[in-house]
Amino acid sequence: MTAVLVWVLRVLVALALLGAALWGAGVLWYAVPLAAWGLPGWLAPLLLGLLGLFALLAVFAVLFRRGIGPALPLAAALAALFVWWASLDPSNDRVWQRDVAALPYAEIAGDRVTLHNLRNFTYRTEQDYTPHWETRSYDLAKLDSLDLIAVYWMGDDIAHIMLSFGFGEDKGEGDYLTVSIETRKEEGEAYSTLAGFFRQYELYYVVADERDLIDLRTTYRAPPEDVYLYRVQARDEAAGKAKIRALFLDYLAEINALKDEAQWYNTLTTNCTTNVVTHVHAIGGSLPLNWEVLLSGHFPKLVYDHGGLDRSLPYDALRADSLVNDRARAASGSPDFSARIREGLPGME
């Protein structure tokens, strides 16, 4: 039994070494700027090959009792990579793509919130647009609704999650402000899910008009993405509005913090869905951090199961009724875009 336990421990250590080596390979491939350092491109695969060789030697040593000597090159390489990687600092001072060029920030005076650098672009295609960065004021006393937006482009398991805060809906005004948590990409930089694990993107909160964030995805992206709009509900209306206000203010605090000091985006831990859960927890909410958060396409179902969406319909029926693509295309560019995409949606009568 002891021999079996020792063997299991050796296998676990070997797997840990392989995992660490994979992390190091990711840092080498995505984060180490060989070209910026004036080094040749062929050096990257050579370094990856050496790291792989070091990993094999280390695993062999662990599994077959060859002492720690063969593991030392891997340990040294990973230590050097970690020290360099940990020294990387996020920055707000880069040459950004135009759609994330301006950092939003808020000024709060009592119930009056003034938001600067709110995005409201006019699109002709996804890449051809006229930028509009606006300043708008909102009355917190009128903040009375919250909507969850889920955007799908690669099947049902992965979605981009956004929140839309509604002001004055009870009074028929319906002024909506949407926040989308994204990566802040530099000019010429493309998004990669894998690169997002290795400090390649800064975290960015897009604060925008729904005609920007929703219309872009349903009308101007090719192919269009599927956008679902759900009303977030609370059992007690007064308590629900208080929580929406607290959530909005917590969002604003993070938005202002990002203006003062940049933060890294991380594909797993700091993304469009995990940050929503973090904000909910900050105001005393109880959403669990589980696989339905990591596989973000299931996040609306998680909120539904915890009583946060309309329960008068089974979830599949609610989801089917909440697709707004046709409505958004029909209302594209309209000043009453937000009202038209909500007409008749569950929970929004």
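Now for a quick tour of the structure. (Residues numbered from 1 in each chain as written. Predicted model: local features only at pLDDT ≥ 70, side-chain atom pairs only at ≥ 80, totals over all residues. Heavy atoms only, no water.)

## Points about the packing of aromatic side chains
Counted according to the given criterion, the structure contains 22 aromatic pairs. Centroid distance tryptophan 23 to phenylalanine 82: 6.2 Å. Interplanar angle 50°. Geometry classified as tilted. One end of the pair, tryptophan 23, is in helix H1 (residues 2–31); the other, phenylalanine 82, is in helix H3 (residues 72–86), with 59 residues separating them in the sequence. Look at tryptophan 23 and you get partly exposed, because its relative accessible area is 25%. Members of the aromatic cluster, each reached through a chain of ring pairs, are Tyr138, Phe165, Phe167, Tyr205, Phe248 and Tyr251. (Phe/Tyr/Trp six-rings, centres within 6.5 Å; stacked < 30°, edge-to-face > 60°. Helix = DSSP H or I, 4+ residues; strand = E, 2+ residues; numbered from the N terminus. Buried < 20%, exposed > 50% of the residue type's maximum accessible area, 1.4 Å probe, protein only.)

## Overview of unusual backbone geometry
Backbone geometry follows two general trends: most residues other than glycine have a negative phi, and most peptide bonds adopt the trans configuration. Put simply, alanine 222 and proline 223 share a cis peptide bond, and its omega is -5°. By the element assignment, proline 223 lies in the loop between helix H4 (210–220) and strand S10 (226–231). Residue asparagine 117 is not a glycine yet carries a positive backbone phi of 60°. Take asparagine 117: it is sitting in strand S2 (residues 112–119).

## Here we look at the environment of leucine 48
By the element assignment, leucine 48 lies in helix H2 (residues 43–63). C-alpha of leucine 48 to C-alpha of leucine 148: the two residues are 100 residues apart in sequence and 42 Å apart in space.

## A short note on the pattern of salt bridges
Opposite charge on two side chains makes pairing possible when the charged atoms of those side chains draw close. Scanning the model with the defined rule gives 17 salt bridges in all. Its salt-bridge partner being aspartate 128, residue arginine 124 comes within 3.1 Å of it at the nearest N-O pair. Ionic pairing is found between arginine 136 and aspartate 209, a salt bridge with its closest N-O pair at 3.0 Å. With a gap of 73 residues between them, arginine 136 in strand S5 (residues 133–139) and aspartate 209 in the loop between strand S9 (202–208) and H4 connect regions that are remote in the sequence. Each member of the pair, arginine 136 together with aspartate 209, is buried. (Salt bridge = Lys/Arg side-chain N within 4 Å of Asp/Glu carboxyl O.)

## Some details on H2
With 21 residues, H2 should reach 30 Å at 1.5 Å per residue; the first-to-last C-alpha distance of 30 Å fits that figure. Within H2 the residues assigned to the buried category are Leu43, Ala44, Leu51, Ala55, Ala58, Val59, Ala61, Val62 and Leu63. For H2, the elements touching its buried residues are H1 and H3. One or two residues past the end of H2 sits arginine 65, with phi positive at roughly 55°. (Expected span 1.5 Å × (residues − 1). Contact = heavy atoms within 4.5 Å.)

## Quick look at the nonpolar core
Core analysis: the biggest nonpolar cluster contains 47 residues, and Leu115, Phe165, Phe248, Tyr251 and Phe299 have the highest contact counts within it. Once residues lying within four places of it in the same chain are set aside, the contact partners of phenylalanine 165 are Leu143, Ser145, Leu146, Asp175, Tyr176, Leu177, Val179, Ile244, Leu247, Phe248 and Tyr251. By size, the runner-up hydrophobic cluster in this structure holds 20 residues, among which are Tyr204, Val206, Ala328 and Met348. (Core = buried A, V, L, I, M, F, W, Y, C linked by side-chain atoms within 4.5 Å.)

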